[in-house]
Amino acid sequence: MDYFSDLEFVCFGSSKHATGVTKDRSFDYYGLQYIRAGEIYVQCGDHPAWQAEGPLLFLTGPGKKFAYHTPCGGREHIYVCFRGERVSRYLAGGLMPEPGQKILITEEKEFTSLMEEIVRKLQKNSRTGFGEAVLLLEKALLLSGNQPAPRQAGAFNRKIITDFAEKIAEHPEKEWNIEEAAAENRLSEVHFRRLFRRETGCSLNQYILQQRIRYATHLLQTTDMLIKEIAFSCGFGGEFYFSRQFSKFMKQSPSEFRKNI
């Protein structure tokens, strides 16, 4: 099995309910991070952070700091981390995605089976299993770059959702009446929420929370407002609830965030 000696698997595993937090972590290896279910918040270097719900894939790697966690609840997470000279060929040949890039997995059953099989092969701790895992890893990388586009909503429905998302981003502090917004566009509330998740990658309630947190970080950075004042200005209704939600999302309290600016 010397043919595969130019690749090393550093770590691997899976969890049905992962809650671990990675904060400002630098890696000296690459990692396929497959979120089969649940939400994930990802910050890669200086790139804008993103948050979405699985099934999705992103790559961690050297040269950038990563932070990621699940804002609420847990996530189903399968990971395979590796390094070696063979990775240089993956990069040169365009087989590897950009670190931190969100890749939606639309053929979930096939990709999940593939990732689970890689972990099983490595758990055997045998030369044959190792070689098979390398080949499966290459297949996973190939599939990740060739996922069919998700089924898209019609252009009219897409515009409804994008316009509504922009309005929320402009005024996250408002109390948004979802039932009313859906009725105005002759859609049921259930269908409206489904379209919103399809277009944005997260639930409507989570998007509103995300935008309120974003606005709060802006106020913490640019004003001397009290935490209580910021809470009400961002639509949280109270300092305690705001602090709890901010801490869940940012993994630090509002006062800690302001102190570390």
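One structure accompanies this document, and this report is about it.

Rules behind the numbers
- In this convention, every chain numbers its residues from 1, walking through the sequence in written order.
- Totals for whole chains, interfaces and linings use every residue, but because this is a predicted model, local features are given only for residues with pLDDT of at least 70 and side-chain atom pairs only at 80 or more, for both listing and counting.
- Side-chain measures were taken over the full set of non-hydrogen atoms in the model, leaving aside hydrogen atoms and water.
- Helix and strand definitions follow DSSP, with helices as H or I runs of at least four residues and strands as E runs of at least two, each counted in order from the N terminus.
- Here the term buried applies to any residue with accessible area under 20% of the maximum for its type, exposed to any over 50%, and partly exposed to those in between, with areas from a 1.4 Å probe on protein chains only.
- A pair of strands is treated as paired once DSSP finds two or more bridges between them.
- We call two residues in contact when some of their heavy atoms are within 4.5 Å.
- For this analysis, a polar contact is any N or O atom pair within 3.5 Å, provided that within protein one partner can donate a hydrogen and the other can accept it, and provided that sequence-adjacent residues contribute only side-chain to side-chain pairs.
- Helix axes are fitted to C-alpha atoms over the stretch in contact, other axes to C-alpha atoms as well, and angles between N-to-C directions run from 0 to 180 degrees.
- In this scheme, a helix's expected span is set at 1.5 Å multiplied by one less than its residue total.

**Quick look at unusual backbone geometry**
What you tend to see is this: most non-glycine residues have negative phi, and most peptide bonds are trans. With an omega dihedral of 15°, the bond running from Gly54 to Pro55 counts as a cis peptide bond. Mapped onto the secondary structure, Pro55 falls in the loop between β5 (50–53) and β6 (56–60). In this structure, Asn125 takes a positive phi of about 55° despite not being glycine. By the element assignment, Asn125 lies in the loop between α2 (108–123) and α3 (127–144). Residue Arg186 is not a glycine yet carries a positive backbone phi of 60°.

**Some remarks on the pairing of strand β3 (residues 30–37)**
Of all the eight residues making up β3, six are buried; the element is thus mostly covered by neighbouring parts of the structure. Here β3 runs beside strand β8 (residues 75–83); their pairing, made up of seven bridges, is antiparallel. Across the sheet, the residue bridging to Leu32 is Val80, located in β8. With five bridges joining them, β3 and β6 adopt antiparallel strand pairing. Paired with Tyr34 across the strands is Leu57, a residue of β6.

**Remarks on the environment of Glu108**
As for its placement among the helices and strands, Glu108 is situated in helix α2. Not counting residues up to four positions away in its chain, the partners in contact with Glu108 are Tyr34, Arg36 and Pro55. At a separation of 3.3 Å, a polar atom in the side chain of Glu108 contacts the side chain of Arg36.

**Here we look at the sheet that holds β3**
Strand order in this open sheet of five strands is β1-β8-β3-β6-β9, and the pairing throughout is antiparallel. This sheet does not close on itself; its edge strands, each paired only once, are β1 (8–18) and β9 (103–104). In terms of strand pairing, β1 meets β8 through eight bridges, oriented antiparallel. Looking at β8, one finds that Ser14 is bridged to Ile78. The strands touched by α3 are β1, β3, β6, β8 and β9; relative to β1, the strand with the most contacts, the crossing angle is about 65°.

**What about helix α9 (residues 239–250)?**
Helix length check: α9, at twelve residues, gives a terminal C-alpha distance of 16 Å against a target of 16 Å (1.5 Å per residue), a fit within 8%. Buried within α9 are the following residues: Phe242, Ser243, Gln245, Phe246, Phe249 and Met250. Packed against the buried residues of α9 are β4 (39–44), β5, β7 (65–69), α7 (204–222), α8 (227–233) and α10 (254–259). Note on α9: the residue one or two positions beyond its end, Lys251, has a positive phi of about 60°.

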